[in-house]
Amino acid sequence: MSGAEKIQAKVTEITPLNELVTRFRFERIDGGQLPTFSGGAHTVVEMQDGGITRLNPYSLMSDPFDQSSYTISVRRDDEGRGGSLFMHRQVKLGDEMTISYPVNLFSLDLRARKHLFLAGGIGITPFLAQIKQLELLHGHWELHYACRNHALASYADQLTDRHPNETHLYYDDQNQQIDLENLLSGQPLGTHVYVCGPKGMIDWVRNTAAAEGWPEDCVHYEEFLAPQPGKPFEVRLAASDKVVHVGENESLLEAIEREGVDAPYLCRGGACGQCETVVLDHDGNFVHRDHWLTDEEKASGKKIMPCVSRFEGKSLVLDR
Amino acid sequence: MTIQFNDESFRDDYTFHNSDWAIKRFPFPFHEDSYMYSVNMEQHRGGPEGSVYEMRFDVDEHYVSEMKDRAMVLDQDPLRCQSLPHMTLAGWDLLELIMVSKSEDYPELFELHRNGNQWRWINKPLGIDHSFTFMDETTLPYGPMEYITRQAQGDFAVLDQRDEMLWMDAGMVTTQADWSLDFDIGMNFFEWHAPVPKAHEMGIFQRALKFLLNIQQGAPARRLNWTMTVNPLLDTSPENYHKWGIQKTTLTPENIAHKQHLRVELQTFFRLPRSNALVFPIRCYLCSFQDLMTVPKWGRRLHRVIRDLPEELATYKGFIDNRPMMLDYLSQFDDGLPTSPGIWPDLETEPPLSK
Amino acid sequence: MSKFEFPKSIASRPVWGTLEVRPGEHHLMIAEAEGAEAILDIATPDLMAKTHLIYIPKGTDYVERLQALKPAQFYEGPSYEASLQRIRRVLEDAHMGLQVYLTGSESMMGQAMNEVMAVGLPHTAIQTEHRGSVARRMQCVHCKGITEDVEVDPFVCAHCGLNLFVRDHYSRRLAAYQGVRVDAEDHGNVPEPKGIYE
Ligand code: HEM
Ligand code: FES
């Protein structure tokens, strides 16, 4: 079986936060306790969307030590393939859904003498759990949170209420921007920086930190890539001897699973490396979108991460 | 089933012994007639009833005596148990994992009563009844990892996971096959495995690490490892090697049957929830050659494995000098008949020794 | 002076690098004896103007040449131990972005690396270059005592007196290689010592 352990849950609360973001609470169907987790962990939510099974990762934002329920916040993406639209439009109070055990690809470095959190938009969610964890452990942290405007700044008020000294907010519509260079160069030795937000923000933080002489191991980031729609293509699965058609609105991994082939995965967001698949033959171009393969591996044409990457061309043969 | 705990020693007069029950359930590590390193990992979700694989943490007849031996080692050398400062949370995770598992798997021996963070732990074999506050170190006599691993058989390495790597940042190590926690603490997966021959070049550690980094909550794994020990000495540490090393030279054809022990480690891997650390319990089982030879299949197989083991491995495992004497003894139990696949004794189906 | 080529070894044995200039506003260099040459190799006026250089000559005569580089701060220490309090003080106030350069013997680099790691820089971010003595700092695995400047194998533990053989297994935390009783299985049978790299 692929993926993490499963939990049968029901939706016990749906809370719209603003125009784009809605919060969902899950509890176990059998009334039992959920596993504790570490701040930064995500759960993979299974959605039965017509004929398609979608599995999307969402950061857990609740108190990691609270075993009564999990909460996630989902931002509606009108351009995407529909996972977030499904959550917003189809999911109703009391619905039963399958979610995965927590998996953490964005954990705190517990040695850090200080944790510096940089959030962009919905990227705030993993930090909410990490902040709760650090509060319990008396950790030293500081948050810089950038949003389009106050109305879209999910949880900003709550954060400033509870942690007025640690929380710093920046609104685009007021032309406020994180003064990143000074922020980074002023941190005491032993600080770790964590960034979660849009790709542009992650790149900006990583590049600025490198230019300021920060060690790579002190810079942590998480960006879940939602698989993007793309041109349909065909793939031959050599080991299972099947030819699979990958539709415009499904990922390569989803298409493989639809055909009943058990393929490994964990994050389904191009970050964990579990779905790495060997390419036996190809005639065409890869659309690599993952964070896992190195540039050389991508250029070699010998590997693909089917959870987020696609293919355009005549033929593709995978060892699966 | 109630366990009769042995009163025995793992040093000096070596009164350690295995009952028939313990021999039958001994985790014989060879599934075929030869041995080479491999990425031999499988899920740890129970096993045949009564086997050492059945429970998350196996408790057997040696429990009480092993815990006494551990206490003696720690009295002499507290450095055998260490935890770097950032590993305390993982220690609480481990304490919870062991208390919950043992109280569920052995309710007649262990009880855990939880009311929020107020916990009461009852360990009947060791006579402990202790109430404490979960996550409050001041309510325990030791740190959480030390507290619970003084009550759990086997060594424990607690690995921090960061930067796509595992780091040995805490542990309780008193029954080790000749490696030092005090020396290795803080090392990464490749560094602490550095002395192992061949496996690096075979790519075993790269693949094993990938597997371990992806072990998830609720989905533990396990593997077996083995070596040889003269006398049932649990504490074969480098720290004391200047004292026990000489025991290897006391082996004679007359005493080898009861002095030479196959030492098997049942190694398990659990993801710890709050810390995202990984715990690696290393449970040591000892069995004398003469007890092993009561199982015809094991007799035939052990001879062939030891005979054909590559020299580097016999050297690394520290029995190259004694190998000829071992083979003289073991060859008596090998009649050349084929053996059935797998590790189980197959007492009903395997023919008796025909020589 | 040419650099010593350490033979290829096991994964725990440190691999020392070659210093290079990295971007950053603050640079801390700790050099010992012939390590001065590694500093001279990379020094530029711009770099040295942002550098605090701590130098332990150990009887060599590089001090004038190093001072001529005009480091922002220069300290000549009679020994590593004597310099330690100063190193700690400098690290206490340092900020992320600090670049650390260590050069000299394995013993000095290993110990200084520990100080830097203790304040939170990962070891992978600390630059090193081996120069000078190839003697090892050894820990006796039995008594835990450290013997400095070990050049031969086997050697006698300076604390408990056992004859120890020299392993390549190295602990970053102890900044030492491991020494294990050589005659544990045959008391009194101690081989003739020879150079570690002979
Ligand atoms: C993360 C958990 C693990 C820990 C803490 C651990 C620790 C160790 C240590 C301390 C040694 C002794 C090295 C020495 O000579 O100083 C060792 C040996 C070894 N380990 Fe691991 N190990 C782990 C996982 C694994 C895994 C998953 C494999 C899978 C292949 C493996 C394969 C080996 C082998 C083949 C040896 C040599 C054993 C012998 O021949 O007796 N280890 N391990
Ligand atoms: S499933 Fe994680 S990278 Fe594809």
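Quantities reported herein were computed from a predicted structural model and do not represent experimental measurements.

Engineer: I'm lost on the pairing of strand β17 (residues 310-318) of chain A in this one. Help?
Structural biologist: Side-chain direction in a regular strand flips from residue to residue, so the side chains alternate between the two faces of the sheet. Residue and element names in this part refer to chain A. Sheet topology places strand β13 (residues 233-237) next to β17; 2 bridges connect them, and they run parallel. Among the inter-strand pairings, Arg236 is bridged to a residue of β17, identified as Val317. Summarising the sheet, strand β15 (residues 277-287) and β17 pair through 8 bridges and their orientation is antiparallel. What sits directly across from Asp283, in β17, is Ser315.

Engineer: Where do I start with the nonpolar core in this structure?
Structural biologist: For soluble globular proteins, the rule of thumb is that nonpolar side chains tend to be buried together. In this structure, Trp226, Leu262, Leu292, Leu302 and Ile306 of chain B are the most contacted members of the largest nonpolar core, which totals 68 residues. The biggest single contributor to this core is helix α7 (residues 204-213) of chain B, with 6 residues. Judged by nonpolar contacts, the second largest core, of 54 residues, contains Leu180 of chain A together with Val100, Cys140 and Val150 of chain C.

Engineer: Looking at this structure, how should I read the interface of chain C and chain B?
Structural biologist: Interfaces are often sized by the accessible area lost when the parts come together. Taken residue by residue, the interface counts 25 residues in chain C and 25 residues in chain B. Counting the contacts that link chain C with chain B gives 5 salt bridges. The partner of Glu191 of chain B in a salt bridge is Arg172 of chain C, and the shortest N-O contact between them spans 2.2 Å. At the junction of chain C and chain B, the tally comes to 13 residue pairs in polar contact (both at pLDDT 80 or more).

Engineer: Hey, could you run me through the pairing of strand β4 (residues 99-104) of chain C in this one?
Structural biologist: Residue and element names in this part refer to chain C. Counting buried positions along β4 yields 6 of 6 residues, so the element is predominantly enclosed. With burial as the criterion, each face of β4 is covered, one bearing Gln99, Tyr101 and Thr103 and the other bearing Val100, Leu102 and Gly104. Where strand β1 (residues 27-32) meets β4, 5 bridges bridge the pair, whose relative direction is parallel. Within β4, the position partnered with Met29 by the bridge is Tyr101. Summarising the sheet, β4 and strand β5 (residues 127-130) pair through 4 bridges and their orientation is parallel. Counted as the bridge partner of Tyr101 is Gln127 from β5. For the segment spanning β4, helix α5 (residues 106-118) and β5, crossover handedness is right-handed.

Engineer: I keep staring at the domain arrangement of chain A and nothing clicks. Help me out?
Structural biologist: Residue and element names in this part refer to chain A. Looking at chain A, the domain boundaries give domain 1 (6-104), domain 2 (114-222) and domain 3 (233-318). Domain 1 and domain 2 are separated by 24 Å when their C-alpha centres are compared. Across the contact, 19 residues belong to domain 1 and 16 residues belong to domain 2. For the pair domain 1 and domain 2, the two sides together bury roughly 1400 Å², of which 61% comes from carbon and sulfur. Seen at the junction of domain 1 and domain 2, the total is 7 residue pairs in polar contact (both at pLDDT 80 or more). Put simply, the parts of the chain that give the side of domain 1 that touches domain 2 at least two residues each are β2 (21-28) and β5 (70-75). For the side of domain 1 that touches domain 2, the class distribution of residues is 8 nonpolar, 7 polar and 4 charged.

Engineer: Help me understand the site of ligand 1, please; the structure alone is not making it clear to me.
Structural biologist: All names here are of chain B. Neighbouring ligand 1 are 23 residues, the closest being Tyr37, Trp192, His193, Tyr316 and Lys317. The separation between a nitrogen atom of ligand 1 and a polar side-chain atom of His193 is 2.8 Å. Contact between ligand 1 and Lys317: an oxygen atom at 2.9 Å from a side-chain N or O atom of the residue. Put simply, the parts of the chain that give the shell around ligand 1 at least two residues each are β6 (155-162), α6 (189-192), α7 and β8 (221-230). For the shell around ligand 1, the leading source of residues is α7, giving 4 residues.

Engineer: I keep staring at the coordination of the iron atom of ligand 1 and nothing clicks. Help me out?
Structural biologist: When a metal holds four donors in a tetrahedron, each ideal angle between them is 109.5 degrees; when it holds six in an octahedron, the ideal angles are 90 or 180 degrees. Among protein residues, the single donor to the iron atom of ligand 1 is His193 of chain B (NE2), with a metal-donor distance of 2.0 Å. Along the chain, His193 of chain B turns up in the loop between α6 and α7.

Engineer: I tried to follow the packing of aromatic side chains on my own but got confused; where do I start?
Structural biologist: How two aromatic rings sit relative to each other is set out by the distance from centre to centre and by the angle between their planes. The full count for this structure, using the stated rule, is 38 aromatic pairs over all chains. When the ring of Phe5 of chain B is compared with that of Tyr63 of chain B, the centres are 6.1 Å apart and the planes differ by 50°; the resulting orientation is tilted. Of the two residues, Phe5 of chain B is situated in the segment before α1 (20-24) and Tyr63 of chain B in helix α2 (residues 63-76); the sequence distance between them amounts to 58 residues. Three or more aromatic residues joined by ring pairs form one cluster here, namely Phe26, Phe28, Phe30, Tyr35, Tyr37, Trp226, Trp298 and Phe319 of chain B. Lying over the aromatic face of Tyr265 of chain A, Arg268 of chain A brings its terminal NZ or CZ to 4.4 Å of the ring centre. Above the face of the Trp119 of chain B ring, Arg114 of chain B is positioned so that its terminal group lies 5.2 Å from the ring centre.

Engineer: Can you walk me through the interface of chain A and chain B in this structure?
Structural biologist: Residue-level contacts link 25 residues of chain A with 18 residues of chain B. Taking both sides of the interface into account, the surface hidden between chain A and chain B amounts to around 1800 Å²; carbon and sulfur atoms contribute 50%. Run the count over chain A and chain B and you get 2 salt bridges. Notably, a salt bridge pairs Glu5 of chain A with Arg45 of chain B, separated by 2.9 Å at the nearest N-O pair. Connecting chain A to chain B are 4 residue pairs in polar contact (both at pLDDT 80 or more). Looking at the side of chain A that touches chain B, the elements with two or more residues in it are β7 (103-104) and α2 (125-137) of chain A. With 3 residues, the single largest contributor to the side of chain A that touches chain B is α2 of chain A. Here the side of chain A that touches chain B is built from residues that sort into 13 nonpolar, 7 polar and 5 charged.

Engineer: Looking at this structure, how should I read unusual backbone geometry?
Structural biologist: Residues Asp153 of chain C and Pro154 of chain C are joined by a peptide bond in cis, for which omega reads -5°. As for its position among the elements, Pro154 of chain C is in the loop between β8 (152-153) and β9 (155-156). Of note in this structure, His138 of chain A is not a glycine but carries a positive phi near 60°. Inspection of the secondary structure puts His138 of chain A in the loop between α2 and β9 (141-147). Of note, the phi angle at Tyr155 of chain A is positive, near 70°, even though the residue is not glycine. Note that Tyr155 of chain A resides in the loop between β9 and α3 (156-162).

Engineer: Is there a simple way to explain the confidence of the model for chain B in this structure?
Structural biologist: Predicted coordinates in regions of low pLDDT should not be interpreted in detail. Chain-level pLDDT for chain B is 96 on average; 100% of the residues reach the 70-or-more range. Among the scores for the predicted complex, ipTM is 0.95 and pTM is 0.93.

Engineer: Please clarify how the UniProt feature "domain: FAD-binding FR-type" (unreviewed entry) in chain A should be interpreted in this entry.
Structural biologist: As annotated in UniProt, the feature "domain: FAD-binding FR-type" (unreviewed entry) corresponds to residues 4-109 of chain A in the numbering used here. End-to-end, the C-alpha atoms of residues 4-109 of chain A are 23 Å apart, and along that stretch the chain is 7% helix and 46% strand.

Engineer: I'm lost on the sheet that holds strand β14 (residues 242-246) of chain A in this one. Help?
Structural biologist: Two strands in a sheet stick together by hydrogen bonds in their backbones, pointing the same way (parallel) or opposite ways (antiparallel). Ordered in space as β14-β13-β17-β15-β16 (chain A), the 5 strands form an open sheet in which the pairing is mixed. Taken across any chain shown, the strands that pair with only one partner, and hence form the sheet edges, are β14 and β16 (303-304) of chain A.

Engineer: What is the right way to read the pattern of salt bridges from this model?
Structural biologist: A side chain of one charge can pair with a side chain of the opposite charge if their charged atoms are brought near each other. All chains considered together, the criterion is met by 58 salt bridges over all chains. Two residues, Arg173 of chain C and Asp182 of chain B, come together in a salt bridge whose shortest N-O distance is 3.0 Å. You can see Arg173 of chain C sitting in the loop between β10 (163-171) and β11 (176-181) and its partner Asp182 of chain B sitting in helix α5 (residues 181-184), one on each of two chains. You can call Arg173 of chain C partly exposed: its relative accessible area is 30%.

Engineer: What is the right way to read the sheet that holds strand β5 (residues 128-133) of chain B from this model?
Structural biologist: Residue and element names in this part refer to chain B. Strand order in this open sheet of 3 strands is β3-β4-β5, and the pairing throughout is antiparallel. The open sheet is flanked by β3 (110-115) and β5, the only strands paired with a single partner. When strand polarity is set aside, the average angle formed by the axes of neighbouring strands in this sheet is 10°. Running at roughly 120° to β3, helix α3 (residues 88-105) makes contact with β3, β4 (118-123) and β5 of the sheet.

Engineer: Please clarify how the packing of helix α11 (residues 296-308) of chain B against helix α13 (residues 323-331) of chain B should be interpreted in this entry.
Structural biologist: Packed helix pairs are specified by the crossing angle of their axes together with the interaxial distance, meaning the distance between the axes. Residues and elements named next belong to chain B. Where α11 contacts α13, the axes come no closer than 9 Å and their chain directions differ by 155°. Here α11 lies roughly antiparallel to α13, going by the angle between them. Of the two elements, α11 crosses α13, and the hand of that crossing is left-handed. Residues Leu302, His303, Ile306 and Arg307 of α11 form the contact with α13, whose own contacting residues are Arg323, Met326, Leu327, Leu330 and Ser331. Class assignment of the residues belonging to the contact of α11 with α13 gives a composition of 5 nonpolar, 2 polar and 2 charged.

Calculation rules
- Residues numbered from 1 in each chain as written.
- Chains lettered and ligands numbered in written order.
- Predicted model: local features only at pLDDT ≥ 70, side-chain atom pairs only at ≥ 80, totals over all residues.
- Heavy atoms only, no water.
- Pairing = 2+ DSSP bridges.
- Helix = DSSP H or I, 4+ residues; strand = E, 2+ residues; numbered from the N terminus.
- Core = buried A, V, L, I, M, F, W, Y, C linked by side-chain atoms within 4.5 Å.
- Buried < 20%, exposed > 50% of the residue type's maximum accessible area, 1.4 Å probe, protein only.
- Contact = heavy atoms within 4.5 Å.
- Salt bridge = Lys/Arg side-chain N within 4 Å of Asp/Glu carboxyl O.
- Polar contact = N/O pair within 3.5 Å; in protein donor to acceptor, adjacent residues only side chain to side chain.
- Right-handed = clockwise from strand over helix to strand, strands pointing away.
- Domains from an automatic or database assignment.
- Buried area = accessible area lost by both parts, 1.4 Å probe.
- Nonpolar A, V, L, I, M, F, W, Y, C, P; charged D, E, K, R; others polar.
- Near = heavy atom within 4 Å.
- Donors = N, O, S within 2.8 Å, 3.2 Å for Na, K, Ca; no water.
- Phe/Tyr/Trp six-rings, centres within 6.5 Å; stacked < 30°, edge-to-face > 60°.
- Lys NZ or Arg CZ within 6 Å of the ring centre and 35° of its normal.
- pLDDT = per-residue confidence, 0-100.
- UniProt positions renumbered as here; feature names shortened; annotations may be inferred.
- Axes fitted to C-alpha atoms, helices over the stretch in contact; angles between N-to-C directions.
- Parallel < 35°, antiparallel > 145°, perpendicular 65-115°, else oblique.
- Left-handed = near helix turned anticlockwise from the far one by under 90°.

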